[in-house]
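Chain and residue survey
Residue-level listing of the chains:
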There are 2 protein chains.
Amino acid sequence: MLKDKDFVYIDYIGKVKDTGEVFDTTIEEEAKKANIYNKETKYAPKLVILGEHNVIQGLEEALYQMNPGEEKEIEIPPEKAYGPRDNTKVKTISLGELRRQGINPYPNMVVRLSNGSLAVVKSVSGGRVILDLNHPLAGKTLVYKVKVVKVLENESDKIKALIERWLGSSYVDKLNMELDEKKNVKFTLPKELYLVEDIQIRKYMLAKDIINYVLPESTVTYIENYNKEVFSQ
Amino acid sequence: MLKDKDFVYIDYIGKVKDTGEVFDTTIEEEAKKANIYNKETKYAPKLVILGEHNVIQGLEEALYQMNPGEEKEIEIPPEKAYGPRDNTKVKTISLGELRRQGINPYPNMVVRLSNGSLAVVKSVSGGRVILDLNHPLAGKTLVYKVKVVKVLENESDKIKALIERWLGSSYVDKLNMELDEKKNVKFTLPKELYLVEDIQIRKYMLAKDIINYVLPESTVTYIENYNKEVFSQ
């Protein structure tokens with residue numbers, strides 16, 4: 001049985017119960033089979049930290065009941081998935097307004113409105129467009145086939161998983177890490193990270209996750225060393 | 001006499017020789033007198049690092065010949081100021097095109113074009129606008145009245161001047177600094193700097209200036225400590 005703050009890697013295939021349509025999976029060959037393969041996606045077991053609420057509620061709750069290596073199929077009602085459908089989120093707007101946003105709508109098209117929200121075009125006729133702003137999975141009962149591939153046991157592996165999350169897998173070995181007997185963590189950053197986009201926020205989030213989920217009493221220290229070699233190129 | 005890499009604070013009043021027009025000054029009452037006072041500007045002696053080429057060439061060259069406390073008036077030809085005028089930078093464009101960029105031009109207006117460059121409107125007539133893309137001071141001989149207010153002597157003061165440049169004066173005392181006997185510099189950052197905009201670039205530039213202008217053989221180290229207090233608010 002798993003518990004709060006466990007680092008769990010899962011493989012899953014998520015389907016809509018009524019139609020059997022596969023909408024998400026961590027497994028490359030399943031994605032190809034279901035015609036949802038995306039070459040930008042990294043197909044690999046997904047890290048779930050229990051209690052983080054980073055996956056839908058029904059899936060997270062089910063994981064607490066599972067054991068390492070176990071595989072099962074779970075049915076998740078809309079209330080523990082993407083919520084019920086809300087009919088007030090179905091709106092009619094003028095075709096002209098959408099066209100001014102550079103959108104030429106057709107039925108089932110997914111559009112991003114100027115306010116950033118996503119909507120599905122239900123119909124286009126007589127200069128009017130009916131848009132559905134509900135999440136496409138709202139109101140649906142989902143079926144997940146899920147397998148607990150791995151559960152991390154030691155602190156150092158958990159920290160590495162978080163480095164991968166925030167800096168990418170290529171830095172897991174490049175970020176020099178020391179974990180002292182008082183469980184304080186010290187990272188010495190390699191020079192190539194100094195000007196990576198958003199590096200300060202990534203460092204902040206990495207430290208936050210380490211303290212929230214691995215070593216709550218720890219101090220996480222980052223050290224950056226600049227000398228003339230850094231600036232000569 | 002001053003030399004390369006000296007940290008010099010100067011006050012100045014810059015005028016166009018022909019017209020006597022004051023276009024820039026570090027002194028608040030002079031700015032008010034000349035009607036160029038801007039309440040966003042901090043009027044205070046300006047830091048010039050000799051050899052950095054951060055001020056016009058003629059002014060920098062003159063500073064090398066001066067002594068702390070000295071005041072003098074120097075005349076700077078266009079070649080050592082904003083360059084000669086280039087008549088190919090006077091262009092005619094259609095009024096309609098400027099209006100499409102949201103600009104309603106009138107003579108002497110300074111406009112920012114969609115490519116980012118600044119231009120002065122010379123005339124508007126018959127649907128055509130003549131723009132001058134030369135720097136407004138191109139081709140002018142300038143007269144600077146300049147005073148060397150202060151020259152920094154010790155390394156620690158120079159580093160503080162650079163902290164002020166890159167992080168603002170409020171951090172000069174908040175950034176814990178240690179300078180060891182090997183002239184290595186260690187900064188411990190206060191928590192409130194962790195998520196300041198562009199902090200990573202500011203740290204990079206601060207280290208770069210310290211190494212270029214103060215302690216070339218030094219290692220500049222930044223230390224950031226994250227613990228649960230950082231994330232609890």
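Calculation criteria
- Residues numbered from 1 in each chain as written.
- Chains lettered and ligands numbered in written order.
- Predicted model: local features only at pLDDT ≥ 70, side-chain atom pairs only at ≥ 80, totals over all residues.
- Heavy atoms only, no water.
- Contact = heavy atoms within 4.5 Å.
- Salt bridge = Lys/Arg side-chain N within 4 Å of Asp/Glu carboxyl O.
- Polar contact = N/O pair within 3.5 Å; in protein donor to acceptor, adjacent residues only side chain to side chain.
- Helix = DSSP H or I, 4+ residues; strand = E, 2+ residues; numbered from the N terminus.
- Nonpolar A, V, L, I, M, F, W, Y, C, P; charged D, E, K, R; others polar.
- Pairing = 2+ DSSP bridges.
- Least-squares fit on C-alpha atoms with pLDDT ≥ 70 in both.
- Domains from an automatic or database assignment.
- Expected span 1.5 Å × (residues − 1).
- Buried < 20%, exposed > 50% of the residue type's maximum accessible area, 1.4 Å probe, protein only.
- Core = buried A, V, L, I, M, F, W, Y, C linked by side-chain atoms within 4.5 Å.

Some words on the interface of chain B and chain A
On the chain A side, the residues contacting the 25 residues of chain B number 25 residues. Counting the contacts that link chain B with chain A gives four salt bridges. In this structure, E224(A) engages K203(B) in a salt bridge whose closest nitrogen and oxygen atoms are separated by 3.0 Å. Our enumeration of links across chain B and chain A arrives at 14 residue pairs in polar contact (both at pLDDT 80 or more). Among the elements of the structure, α5 (199–213), β12 (220–226) and α6 (228–231) of chain B are those that each provide at least two residues to the side of chain B that touches chain A. With eight residues, the single largest contributor to the side of chain B that touches chain A is α5(B). When the residues that make up the side of chain B that touches chain A are grouped by side-chain class, the tally is 14 nonpolar, six polar and five charged. Where strand β12 (residues 220–226) of chain A and β12(B) come together, seven bridges link them in antiparallel fashion.

A closer look at the relation of the copies chain B and chain A
Overlaying chain B on chain A yields an RMSD of 0.0 Å, the required transformation being a rotation through 180° with an accompanying axial translation of 0.0 Å. With respect to symmetry, the two chain copies, as superposed, fit the operation of a two-fold axis. The position closest to the rotation axis in chain B is occupied by the C-alpha of I223(B), lying 2.4 Å away. Both copies contact each other with a shared surface, as 100% of the interface residues of chain B are interface residues in chain A too.

As for the domain arrangement of chain A
Per the domain assignment, the segments of chain A are domain 1 (1–83 + 139–151), domain 2 (87–132) and domain 3 (153–233). Placing a centre on the C-alpha atoms of domain 1 of chain A and another on those of domain 2 of chain A gives a separation of 31 Å.

Observations concerning α5(B)
Here α5(B) spans 21 Å end to end across 15 residues, near enough to the 21 Å set by a 1.5 Å rise per residue. All of the buried residues along α5(B) are I199(B), Q200(B), K203(B), Y204(B), L206(B), A207(B), D209(B), I210(B), I211(B) and Y213(B).

Thoughts on the nonpolar core
One finds F187(A) and F187(B) to be the most contacted residues of the largest nonpolar core, which totals 64 residues. Non-local contacts of F187(B), meaning those with residues more than four positions away in its chain, are made with I159(B), I163(B), L175(B), N176(B), M177(B), L206(B), I210(B), V220(B), T221(B), Y222(B) and I223(B).

Quick look at the pattern of salt bridges
Under the counting rule described, the total for this entry stands at 28 salt bridges over all chains. With a closest N to O distance of 2.7 Å, E52(B) and R165(B) form a salt bridge. Linking E52(B) in the loop between β3 (46–49) and α2 (57–64) with R165(B) in helix α4 (residues 155–167), this pair joins segments that are 113 residues apart in sequence. The salt bridge partner of K183(B) is E155(B), with a shortest N-O separation of 2.8 Å. Placement of K183(B) in the loop between β10 (176–179) and β11 (185–188) and of E155(B) in helix α4 is noted, with a sequence separation of 28 residues between them. Exposure remark for E155(B): the relative accessible area of 26% places this residue in the partly exposed category. Several salt bridges share partner residues, and in doing so they unite K203(A), E224(A), K203(B) and E224(B) into one network.

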